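Listed here are the chains, written in short residue letters.
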Amino acid sequence: MRQEDIDVWRTAQKHAISGGGAASQERHKARGKLPARQRISLLLDPETPFLEVGQLAASGLYDDAVPSAGIVTGIGMIAGRPCMIMANDATVKGGTYYPLTIKKQVRAQKIARENRLACIYLVDSGGAFLPLQDEIFPDEHHFGSIFRSIAEMSSQGIPQIAAVMGSCTAGGAYIPAMCDETVIVRETGTIFLGGPQLVQAATGEVVDPQTLGGADLHTQQSAVADHYAADDIEALQLVREILGRQEANALPAPPTEPRAPLGSATDLVGLIPESPRQKLPVRDILNHLIDADSFSEYRARYGTTLICGTAHIGGYPIGILLNDGILFSESAQKGANFIELCCQRDIPLLFLHNISGFMVGAEYEAGGIARHGAKLVNAVSTARVPKFSVVIGGSYGAGNYAMCGRAFGPRLMAMWPNARTSVMGGEQAAKVLRLVREGQAGTTMDDDEREAFERPIRDDYEAKGTPVHAAARLWVDAVIAPDETRNWLTLGLALARSTPKERTQFGVFRM
């Protein structure tokens, strides 16, 4: 793996967890408030992991001024049960909601709903970022969908708990108001539909924040909040107690005894070539991820550019689809058949992307490559077993779709630092666009003209195909190190195992 790829990722990661900078952090602490990530750390059961979701959201966007999109989201254990935690970071633009803040919280809620995770909202937000209100307010997946999800998950018996630890303004006031139970912190917590400035502008009334919507008001008079906390630490303890009074939904033990992989996880990075042009040793990589001697390959001698088979990861059963070359008709049919079998047997699916796309050309079009590829895309789309995706190499064009890209509903999706994704490779895109230009002009470029035309396109595709670019826009949930992948998948499989099974109904396959 190239050190450059690791450095770019680590730099983005460092910026994401930095919050709003030193001065903002000091102001936050001077108000008696704990940083968002410290709040989460104190909330979690001791010595248990936190699987962060969307850490790199907004990286490089909004002038790089909204690290982690101003909200920390992820899965952790509280009072013995897995929970989705969503903590506004008030050191970042006052915790206001940018478009990607909303997209990130909506994504976290979707993961919570799919895995029946209790939702914990650590609220400390100034509401919508008003200059971008048209990208935040009215649409189907904008601010309102957060409140709708709270109501729907509560109706499904998925606990919704809020701790108001700072400002909770305007539409954001509906987060604690709609939760099952709400804690509010004395002196720092406020809930109001219209803050003091709006009240003065609308009615002329002059009122301070605590009188308008503080902890005393909401626990003694309005009943918007249920529990009164003296400070952040007591609020977090109250949240733990609320969850502790409910029936625990602990992670299920694996059905078989976990076995260490044949290869050490720490050796995985060494298997990845320096150059993306070099072939990935995908079978060796697989042996470093799955339990030793657990892989049973499906149709090993047919459609060999797509490796399919069942295995165990951390003792949990999994059906694996792994690219070892371009997708031909045979490999697409094989993949679709394998998905059918896994759905019939309630085996979750893992897609390990290393795909440039489907084979093209007159011979292959005549042979029905589009028809056979559609079978695989159909099977991926309609499979109702839990699906997981990790991009370990390239993930291009329709190959991304066939391998369960973001649009196809993976419960969790990640990229390795060396991975790339775009509609096609930059080199191919540059050549295609150059041929189109030459066709339009009726001339052929010389070597210098060709390079001058193609280079900016290649550079643009390279910049926009990186894991950080994808994670910044929440096309993936995380960028993870290869040696973290097995643990990341084991937790995902454990969460999925505790959810109700769904029956798969496939659509029409064009035979």
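Quick summary incoming for the structure in this document. Along each chain, the written sequence defines residue order, and numbers are assigned to residues from 1. At least 70 in pLDDT is required for a residue's local features to be given in this predicted model, at least 80 for side-chain atom pairs to be given and counted, and no such filter applies to totals for whole chains, interfaces and linings, which use all residues. The side-chain figures draw on all heavy atoms in the structure; neither hydrogens nor water molecules are used.

Overview of the overall build of the protein chain
Quick reminder of the rule: Helix and strand definitions follow DSSP, with helices as H or I runs of at least four residues and strands as E runs of at least two, each counted in order from the N terminus. We compute the radius of gyration from the C-alpha atoms alone; for a globule the expected value is 2.2 Å times N to the 0.38, where N is the number of residues. Working definition: with a 1.4 Å probe on protein chains only, accessible area under 20% of the residue-type maximum means buried, over 50% means exposed, and in between means partly exposed. When checking whether two residues touch, look at their non-hydrogen atoms; a contact exists if any pair is within 4.5 Å. Each accessible area is a Shrake-Rupley estimate made with a 1.4 Å probe; only the visible protein chains count as cover when residues are assessed. All tallies of charge rest on Lys and Arg as positive and Asp and Glu as negative; His and the ends of each chain are not included. Lysine's charge is taken at NZ, arginine's at CZ, aspartate's at CG and glutamate's at CD.
Along the backbone of the protein chain there are 20 helices and 16 strands. Relative to a compact globule of 511 residues, whose C-alpha radius of gyration would be 24 Å, the protein chain shows 25 Å and is just as compact. Principal axes of the C-alpha set define a box for the protein chain whose edges measure 75 × 60 × 45 Å. When burial is assessed residue by residue, the protein chain has 53% of its 511 residues classed as buried. Taking contacts inside the protein chain between residues at least 6 apart in sequence as the whole, the part at least 24 apart equals 73%. Summed over its atoms, the accessible surface of the protein chain is roughly 22400 Å², and 52% of this surface lies on carbon and sulfur atoms. Averaging the coordinates of the 49 positive side-chain charges in the protein chain and doing the same for the 57 negative ones gives two points 5 Å apart.

Focus: the pattern of salt bridges
Short version of the rule: In what follows, salt bridge is the name for a side-chain nitrogen of Lys or Arg lying within 4 Å of a carboxyl oxygen of Asp or Glu.
Applying the stated rule across the entire model yields 26 salt bridges. Glutamate 152 is paired through a salt bridge with arginine 148; the nearest N and O atoms lie 2.8 Å apart. On the criterion of helical spacing, the pair formed by glutamate 152 and arginine 148 is a turn pair, its members being four residues apart in helix 5 (residues 143–155). The class of glutamate 152 is partly exposed, set by a relative accessible area of 25%. Exposure remark for arginine 148: the relative accessible area of 56% places this residue in the exposed category. Linking glutamate 297 and arginine 283 is a salt bridge whose minimum nitrogen-to-oxygen distance equals 3.0 Å. Taken as a pair, glutamate 297 in strand 9 (residues 296–297) and arginine 283 in helix 12 (residues 282–287) lie far apart in primary sequence, 14 residues in all. One salt-bridge network, held together by shared partners, links Arg434, Glu438, Glu451, Glu454, Arg455 and Arg458.

Re the packing of aromatic side chains
Let me state the cut-off plainly: The pairing test for Phe, Tyr and Trp rings, Trp by its six-membered ring, is centres within 6.5 Å, and the orientation test on the planes gives stacked under 30 degrees, edge-to-face over 60, and tilted for anything in between. Placement of a positive charge over a ring is assigned whenever Lys NZ or Arg CZ falls within 6 Å of the ring centre and within 35 degrees of the normal to the ring plane.
This structure, assessed with the given rule, holds nine aromatic pairs. Here the aromatic cluster, defined as three or more aromatic residues joined through ring pairs, consists of Tyr97, Phe143, Phe147 and Tyr174. Here arginine 10 stacks its cationic end above the ring of tryptophan 9, 3.9 Å away from the centre of that ring.

Structural notes on the nonpolar core
We apply this condition: The term nonpolar core refers to a set of buried residues drawn from Ala, Val, Leu, Ile, Met, Phe, Trp, Tyr and Cys, joined through side-chain atoms within 4.5 Å.
Tyr121, Ile320, Leu350, Leu352 and Trp488 are the most contacted members of the largest nonpolar core, which has 70 residues in total. Other than its neighbours up to four places away in sequence, isoleucine 320 contacts Leu286, Ile290, Ile307, Cys308, Gly309, Ala311, Phe338, Leu350 and Leu352. Formed by 27 residues, the second largest nonpolar core is a distinct cluster that contains Cys342, Phe351, Ile369 and Val385.

Brief notes about the pairing of strand 5 (residues 160–169)
Quick reminder of the rule: In short, DSSP must find at least two bridges between two strands for them to pair. When the strands point away from the viewer and the path from the first strand over the helix to the second turns clockwise, the crossover is right-handed.
Buried residues dominate strand 5, accounting for nine of its 10 residues. When strand 4 (residues 118–125) meets strand 5, the two strands line up parallel, connected through six bridges. When the sheet's bridge partners are listed, isoleucine 120 is paired in strand 5 with isoleucine 161. You can see the chain leave strand 4, run along helix 5 and come back into strand 5, and the turn it takes is right-handed. In the sheet, strand 5 pairs with strand 6 (residues 181–185) via four bridges, with the strands oriented parallel. Each bridged residue has a counterpart across the sheet, and for valine 164 the counterpart in strand 6 is isoleucine 184. Sheet analysis places strand 5 next to strand 7 (residues 190–192), joined by three bridges and oriented parallel. Counted as the bridge partner of threonine 169 is phenylalanine 192 from strand 7.

Some points on the side chain of histidine 218
Of note, histidine 218 is situated in helix 9 (residues 215–220). When sequence neighbours within four positions are dropped, the list of residues in contact with histidine 218 reads Ile184, Ile191, Gly213, Ala223, Val224 and Ala225.

Some remarks on unusual backbone geometry
Phi is positive for alanine 79, which is not a glycine, with a value near 50 degrees. Mapped onto the secondary structure, alanine 79 falls in the loop between strand 2 (71–78) and strand 3 (81–88). For alanine 79, a relative accessible area of 28% puts it in the partly exposed group. Non-glycine residue leucine 474 carries a positive phi angle of around 65 degrees. For leucine 474, the position within the fold is in the loop between helix 19 (467–472) and strand 16 (478–479). Taking relative accessible area as the criterion, leucine 474 reaches 5% and is therefore assigned buried.

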